[in-house]
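Observations on chain architecture
Residues per chain, in single letters:
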Amino acid sequence: MISLFAKQICWLCQSGTPLTYSWNSLSLQQNKANLCHQCSKQLLLLTGPRCSKCSRMLDELDKDYIHGTVCHDCFRWEQQERWKNILHENISFYKYNSFLKNLMARYKYRGDYAIAELFATDIKTTLSKYPIDYIVPIPLSEERLVERGFNQSEAFIKMAKLTPTNLLVRIHSEKQSKKSRKERMDLDNLFQLKEGVDVKDKNIFLIDDIYTTGSTLRYASEILRNAGAYSVSSVTIAR
Ligand SMILES: [Zn+2]
Ligand SMILES: [Zn+2]
């Protein structure tokens, strides 16, 4: 476990020297000051024009894969009756590159909380811009939770000094979530609403680590929207 007060070494690689304060004031991201230059330059913010639904950088896409303000994937989701307007918007911060992939693996499997703290400001600043009734972590299955010891999405929320509300229960294991897109779309749902929960007219934000196909978030969102939630959006660290 890294001591959060030991700021003379980089939080991530534990060898480089952290950025100086002049770097820090430029980035306005205080937690990033605990990273060395090597690490911080691999953490790539999503920039430029982005899909209004999923935060994908539109500059990376061929023109045929852009439909107005949305990417082709989101366009396809929205064309299906079941998924239309289910997820209002996904906000992601960083590019899901190999650096972030390793970082997330380290966070999930070793419970390295310094990593969650790294994104606390991003999460807190973003969520403070919206009227929100509930901040909901994507739940793990019971089996996975026991194996890992913590829910990484819930920890992100707590590290941002916000309050997670667990409204959902996972009824299909994570292994099933890894099935092909078609197989997943045929599943009834991965989640169900906790008993006795009332989400009518509520504004909800889901929190997860990564947006890949967007199906997990849409399943979660569908449950909440069908139970009367006014709007469901999501924040994910990487896209
Ligand atoms: Zn480093
Ligand atoms: Zn999109």
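Residues numbered from 1 in each chain as written. Chains lettered and ligands numbered in written order. Predicted model: local features only at pLDDT ≥ 70, side-chain atom pairs only at ≥ 80, totals over all residues. Heavy atoms only, no water.

**A look at the overall build of the protein**
Along the protein, the regular secondary structure elements total 11 helices and 8 strands. Residues counted as buried form 49% of the 239 residues belonging to the protein. Pairs at least 24 apart in sequence give 70% of the contacts found in the protein among residues at least 6 apart. Approximately 12,300 Å² of the protein is accessible, and the part contributed by carbon and sulfur atoms is 52%. (Helix = DSSP H or I, 4+ residues; strand = E, 2+ residues; numbered from the N terminus. Buried < 20%, exposed > 50% of the residue type's maximum accessible area, 1.4 Å probe, protein only. Contact = heavy atoms within 4.5 Å. Areas by Shrake-Rupley, 256 points an atom, 1.4 Å probe, with all protein chains shown as cover.)

**Section: the coordination of the zinc ion (ligand 1)**
Taken together, the protein ligands of the zinc ion (ligand 1) are C10 (SG), C13 (SG), C36 (SG) and C39 (SG), with distances of 2.3 to 2.4 Å. Note that the zinc ion (ligand 1) binds 4 donor atoms; their angles at the metal cover 107 to 113°, and the shape is tetrahedral. Of note, the zinc ion (ligand 1) draws all its donor residues from one chain, in the sequence arrangement C-x2-C-x22-C-x2-C. No difference in accessibility class separates C36 from C39, as the two residues are buried. (Donors = N, O, S within 2.8 Å, 3.2 Å for Na, K, Ca; no water. Tetrahedral: all angles 85-135°; square planar, octahedral: opposite > 155°, others 65-115°.)

**A look at the coordination of the zinc ion (ligand 2)**
Six octahedral donors around a metal ideally make angles of 90 or 180 degrees; four tetrahedral donors ideally make 109.5 degrees. Protein ligation of the zinc ion (ligand 2) involves C51 (SG), C54 (SG), C71 (SG) and C74 (SG), the donor distances falling in the range 2.2 to 2.3 Å. Angles of 107 to 117° at the metal separate the 4 donor atoms of the zinc ion (ligand 2), which places the site in the tetrahedral class. For the zinc ion (ligand 2), the donor residues sit on a single chain with the sequence spacing C-x2-C-x16-C-x2-C. Taken as a pair, C71 and C74 share a single burial class, namely buried.

**Some points on the nonpolar core**
The biggest cluster of nonpolar side chains holds 35 residues, and the ones touching the most others in it are L12, F119 and F156. Counting residues per element, the ones that place at least two in this core are β3 (90–94), α4 (98–110), α5 (113–118), α6 (120–127), α8 (152–159), β7 (203–210) and β8 (231–238). Examining the composition of this core, we find that 5 residues originate from one element, α4, more than from any other. Beyond its immediate chain neighbours, meaning those up to four positions away, F119 contacts L43, Y94, L100, L103, M104, F156 and I237. L167, L190, L206 and Y211 belong to the second largest nonpolar core, which has 28 residues in total. (Core = buried A, V, L, I, M, F, W, Y, C linked by side-chain atoms within 4.5 Å.)

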